[in-house]
Amino acid sequence: MARRMMSRLGQWSSYVFAVDFDTNSDPIYFALASKQSERPQVFRNVLADEMCYSLHVQSDDKIERAKFYGGLKKKLSKELPPECTILEMSIFQPNVKDSVIKGYFLKDASKSSATERVLGELLRNDPVYVCSYLCGGEDRQWSQHLWSNTEDGWVEVLEKYCVVPAENPVHHPSTLNIINYDVFYSFEDAYKVLQQCVDIIPESKAVLELVDQRLESKEKTDFPVIVIEGLDATGKTTLTESLTEALGATLLKSPPQCLSPWRARFDTEPPLIRRAFYALGNYLTAGQIGQEARQAPVIVDRYWHSTAAYAIATTVGGKLGNLPQAGSEVYGWPGDLLRPSLVLMLSLSSQERMRRLQVRGQDKTMEEEELEANHLFRQKVEEAYQRIEGPACITVDASPSPDQVLQQVLLLIREKCHL
């Protein structure tokens, strides 16, 4: 079995390994070699009495891979000793798209056999690669041991490598698998994901049946389509309602109301499936836009920009500079999705936004809790918004009174859309 695993993966030693010891800084990158480097200090954050392991999810079926990885951390947290620290980890081939294999790095201070027993059972029964790491000598030289199963079910070491430092890649590894994993760029690609989930997520069938009845949208509309974007509590609801009245427009929201019965179900799924669900929501909204824009202007409360910006910011770990550079294809508009005439993003200081949220007194969404707790995540969301192209966002200061913001936006609409 292990030999077949190796042949599917290719040359294990050609991959670079990344461990997130600290989520606020760069990962520790290392590679594998047949002999030790002159710079052996790789795991500087590992104590002398800690055992180290890694495991990575392997499967040719990306749905199976996503589902298993989605529940793996919970399983490990439940079954491993409490002294075992679970860290995010990935392996990848530098600058090679779709090469990232996700997993976890374990630092175990328990000095018990429980961890190896749990990992051995995973290796026998689940789609994972398992490695152990040993440190020897006064200069603390690390080696990696790739595990395998014997025919009688015991664990043996299939390969042994020296662990050596690796240079930081040009692109953060989390950016390599964004396309059609976290952000979808065509109806067909998003549809296929839910199609493959019908047997394991029964709700997928109902969603697909609804999507099959979607309204077709033309490339161009008879009346302008204005999208209002922005974080929660920036005034989107107030503005969209005021614009609808002022322009005699139709107001739509994305995701559309027709998906509400299944949102809670898909919010529990791993990113691949959850993002495909919301991508299809954009195509349903596009059909509604196309129909309504034959008769009047259309105002849309959020659209593809939100779907993409939150997905990119969530996926890309670490600092702001890890985001794909401006002009990257990940910021390009899907070729088969109706394009709005104008996209306006409401901007507000974090202090004022928090004040408005407290005034609301409403329960926070999971994304809102993350925005409040993590300033870096908020920065990445806002920056991703700004980098999306075709069309790009125009930033609007949302700190003045609602009436002043409305007048400011109406001027922009008249200028850009000739209304």
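Quick caveat: nothing in here was measured; it's all calculated off a predicted structure.

Draft legend 1. Examining the pairing of strand 4 (residues 84–92) more closely. Buried residues dominate strand 4, accounting for seven of its nine residues. As defined by bridge partners, strand 1 (residues 16–19) adjoins strand 4 across four bridges and the pair is classed as antiparallel. By the bridge assignment for strand 4, Val16 is matched with Phe92. With eight bridges joining them, strand 4 and strand 5 (residues 101–108) adopt antiparallel strand pairing. Opposite Ser90, over in strand 5, you have Lys102 as the bridge partner.

Draft legend 2. Representation of the environment of Ser306 in the model. Positionally, Ser306 belongs in helix 9 (residues 304–315). Note: C-alpha distance between Ser306 and Ser254 (52 residues apart in sequence) is 9.1 Å. Once residues lying within four places of it in the same chain are set aside, the contact partners of Ser306 are Glu229 and Tyr385. Polar contacts involving the side chain of Ser306 include one to the side chain of Glu229, which spans 2.3 Å.

Draft legend 3. Structural context of empty space enclosed by the protein. Across all of its chains, the model carries two cavities of 30 Å³ or more by this definition. There is about 60 Å³ of room inside the largest cavity. Lining the largest cavity we find ten residues, and of these Leu231, Met345, Leu346, Ser347 and Glu382 sit closest to its centre. When contributions to the lining of the largest cavity are tallied by element, the ones reaching two or more residues are strand 12 (342–347) and helix 12 (375–387). The biggest single contributor to the lining of the largest cavity is strand 12, with three residues. The residue makeup of the lining of the largest cavity, split by class, is five nonpolar, three polar and two charged. Here the second largest cavity defines a volume of roughly 30 Å³.

Draft legend 4. Spatial organisation of the nonpolar core. Residues Leu194 and Tyr303 are the most contacted members of the largest nonpolar core, which totals 61 residues. When residues in this core are grouped by element, the largest group, eleven residues, is from helix 8 (residues 271–292). Not counting the four nearest positions on each side in its chain, Tyr303 is found in contact with Val227, Glu229, Ser254, Asn282, Thr285, Ala286, Ile289, Trp333, Leu337, Leu338 and Pro340. Core analysis: the second largest hydrophobic core is formed by 25 residues, Trp12, Phe21, Phe105 and Tyr133 among them.

Draft legend 5. The sheet that holds strand 3 (residues 51–57), seen in detail. One closed barrel holds the eight strands; their spatial order is 1-2-8-7-6-3-5-4, and the pairing between them is antiparallel. Across this sheet, the average inter-strand angle for adjacent strands is 35°, counted without regard to direction. Of the strands in this sheet, strand 3, strand 4, strand 5, strand 6 (128–136), strand 7 (141–149) and strand 8 (155–165) are in contact with helix 3 (residues 114–125), which crosses strand 7 at around 45°.

Draft legend 6. Structural detail: the packing of helix 4 (residues 187–195) against helix 5 (residues 203–212). Packing of helix 4 against helix 5 leaves a shortest axis separation of 9 Å and a crossing angle of 150°. Relative to helix 5, the element helix 4 lies roughly antiparallel. Between helix 4 and helix 5, the contacting residues are Phe187, Tyr191, Leu194 and Gln195 on the first element and Ser204, Val207, Leu208, Val211 and Asp212 on the second.

Draft legend 7. Highlighting the side chain of Ser132. Mapping Ser132 onto the fold places it in strand 6. Judged by relative accessible area, Ser132 falls into the buried class, the value being 9%. In this structure the side chain of Ser132 is engaged in a polar contact, spanning 3.0 Å, whose partner is the side chain of Trp147. Ignoring any residue separated from it by four or fewer positions in sequence, one finds Ser132 in contact with Cys52, Tyr53, Ser143, Gln144, His145 and Trp147.

Criteria and thresholds
- Every chain is numbered independently, its residues counted from 1 as its sequence is written.
- Under the rules for a predicted model, residues below a pLDDT of 70 receive no local features and side-chain atom pairs below 80 are neither given nor counted, while totals for whole chains, interfaces and linings still include all residues.
- In computing side-chain values, all of the structure's heavy atoms are included and hydrogens and water are not.
- A simple rule labels every residue: compare its accessible area, found with a 1.4 Å probe on the protein chains alone, to the largest value its type can have, and call it buried under 20%, exposed over 50%, or partly exposed in between.
- Runs of E in the DSSP output that reach at least two residues are strands. Runs of H or I that reach at least four are helices, and both are numbered from the N terminus.
- DSSP bridges decide pairing: two strands pair if at least two such bridges lie between them.
- Residues count as neighbours in contact if any of their non-hydrogen atoms are within 4.5 Å of one another.
- Here a polar contact is taken to be a pair of N or O atoms separated by no more than 3.5 Å, where protein atoms must pair a possible hydrogen donor with a possible acceptor and residues adjacent in sequence count only if both atoms sit in side chains.
- Computed over the protein atoms alone on a 1 Å grid, cavities are sets of points where a 1.4 Å probe fits but cannot get out and pockets are open sets with protein on both sides within 12 Å along at least five of seven lines; a residue lines them when it has an atom within 4 Å of a point.
- Grid points are joined across faces, edges and corners, and a volume is the space filled by probe spheres set on the points.
- Residues are grouped as follows: Ala, Val, Leu, Ile, Met, Phe, Trp, Tyr, Cys and Pro are nonpolar; Asp, Glu, Lys and Arg are charged; every other residue, Gly included, is polar.
- What we call a nonpolar core is a set of buried Ala, Val, Leu, Ile, Met, Phe, Trp, Tyr and Cys residues that are connected through their side-chain atoms within 4.5 Å.
- Lines fitted to C-alpha atoms define the axes here, with helix axes fitted over just the stretch in contact, and angles between the N-to-C directions of these axes take values from 0 to 180 degrees.
- When describing relative orientation, an angle under 35 degrees is termed roughly parallel and one over 145 degrees roughly antiparallel, while 65 to 115 degrees is termed roughly perpendicular and anything else oblique.

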